[in-house]
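Understanding the architecture of this molecule
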Amino acid sequence: MLLKDKKALVTGSSRGIGKAIVEAFIKNGAEVWGLCSKPSAAKEDLEKLASENGVAFHEIYADVGNAEQVTEVVKAALAEAGTFDVLVNNAGITRDGLSFRMKKDDWDDVLRVNLTSVFLISQIVSSNMIRAKDKSCSIINMASIVGLHGQGGQVNYAASKGGIIAYSKALAKEVGSRGVRVNAIAPGFIETDMTAVLKDDMKAQWVEGLPLKRAGKPEDIANAALFLASDLSTYITGQVIGVDGGMGC
Ligand code: NAP
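Bear in mind the structure is a predicted one, so any value in this text is a computation, not a measurement.

Read across the sheet, seven strands follow the order β3-β2-β1-β4-β5-β6-β7 without closing on themselves; strand pairing throughout is parallel. Each end of this open sheet is capped by a strand with a single partner; those strands are β3 (57-61) and β7 (240-243). Sheet twist, expressed as the mean angle between neighbouring strand axes with direction ignored, is 20°. In the sheet, strand β2 (residues 31-36) pairs with β3 via five bridges, with the strands oriented parallel. Within the sheet, the bridge partner assigned to Gly-34 lies in β3 and is Glu-59. Helix-sheet contacts for helix α1 (residues 16-27) involve β1 (7-11), β2, β3, β4 (86-89) and β5 (137-142), and the interaxial angle to β1 is about 170°.

On to unusual backbone geometry, then. Positive phi outside glycine occurs at Asp-5, with the angle close to 70°. When you line up the elements, Asp-5 lands in the segment before β1. The phi angle at Lys-213 is positive, at roughly 55°, despite the residue not being glycine. The topology assignment puts Lys-213 in the loop between α8 (200-208) and α9 (218-229). Using a relative accessible area of 46% as the deciding quantity, one classes Lys-213 as partly exposed.

Let us now look at the site of the ligand. Near the ligand, the surroundings consist of 30 residues, among which Ser-14, Ser-37, Asn-90, Tyr-157 and Thr-192 are the closest. Backbone polar atom of Gly-12 to an oxygen atom of the ligand: 3.2 Å apart, as the coordinates give it. Between the ligand and Thr-192, the relevant distance is 2.5 Å, taken from an oxygen atom to a side-chain nitrogen or oxygen of the residue. When isolated, the ligand has an accessible area of 890 Å², and the protein chains bury 93% of it. For the shell around the ligand, the elements supplying multiple residues, two or more each, are α1, α6 (155-175) and α7 (193-196). Within the shell around the ligand, the residues separate by chemical class into 14 nonpolar, 11 polar and five charged.

Each value, and the rule that gives it
- Residues numbered from 1 in each chain as written.
- Predicted model: local features only at pLDDT ≥ 70, side-chain atom pairs only at ≥ 80, totals over all residues.
- Heavy atoms only, no water.
- Pairing = 2+ DSSP bridges.
- Helix = DSSP H or I, 4+ residues; strand = E, 2+ residues; numbered from the N terminus.
- Axes fitted to C-alpha atoms, helices over the stretch in contact; angles between N-to-C directions.
- Contact = heavy atoms within 4.5 Å.
- Buried < 20%, exposed > 50% of the residue type's maximum accessible area, 1.4 Å probe, protein only.
- Near = heavy atom within 4 Å.
- Polar contact = N/O pair within 3.5 Å; in protein donor to acceptor, adjacent residues only side chain to side chain.
- Areas by Shrake-Rupley, 256 points an atom, 1.4 Å probe, with all protein chains shown as cover.
- Nonpolar A, V, L, I, M, F, W, Y, C, P; charged D, E, K, R; others polar.

And the structure:
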């Protein structure tokens, strides 16, 4: 029960990595607000899991790329929760293409959904966190190995994830003395809907090149998020934790 009596907001909670994080948080005693763009197939199962663990799960909806909408929805969730001990900015998209052919809309959409949303949501939630003086709070931002090393065909995505890393380090310096830790996770290749569209031979080649010789699972990322959310990591801030099977080593 690493998160007993804690309240968490997790974006991108409907599927993949976000859903696994919600499950791990609930199993460890947290009440969770999961934000996604529309009612999800996971909602019922997550509510059931929460009730089995004596906590509540609340699914809420906003397009994180829509500043007005996400601001309104996050403020309403915060008013309901009172305060969040943990924020996980996990929602993300790809709009891949070579740089010289990339449409400006594909650049803008990825930056808005992946990066600007992190600024907007963290601004609301961290303002509240720093007022809760006796608490130790944690913000976890989902970056990517691509934000550290780059990837051809993903300049928009790489820029958004590199931006998340720089943003996390800067925010960690602003709010550390007020009891808020800010860290990023940089996943490698994780089996979710996002990577299901990739060609099988490309995936096999990546896995073959990994020291650990397997693709990551959403639970691998959820375990790192659980550690960063919990009091096991109270002396860790401004860091990027690679969870990538050794891809980045
Ligand atoms: P996924 O399976 O495609 O799920 C994406 C999640 O983000 C869904 O819950 C989706 O909600 C939500 N989302 C997307 N756009 C949204 C929007 N405009 N407003 C609200 N919610 C939105 O992705 P994933 O693989 O789990 O990835 C999660 C995070 O990890 C992303 O930030 C991704 O960049 C990062 N990451 C993934 C990998 C990987 O290999 N999978 C590697 C490195 C980093 P709906 O269901 O409502 O659309």
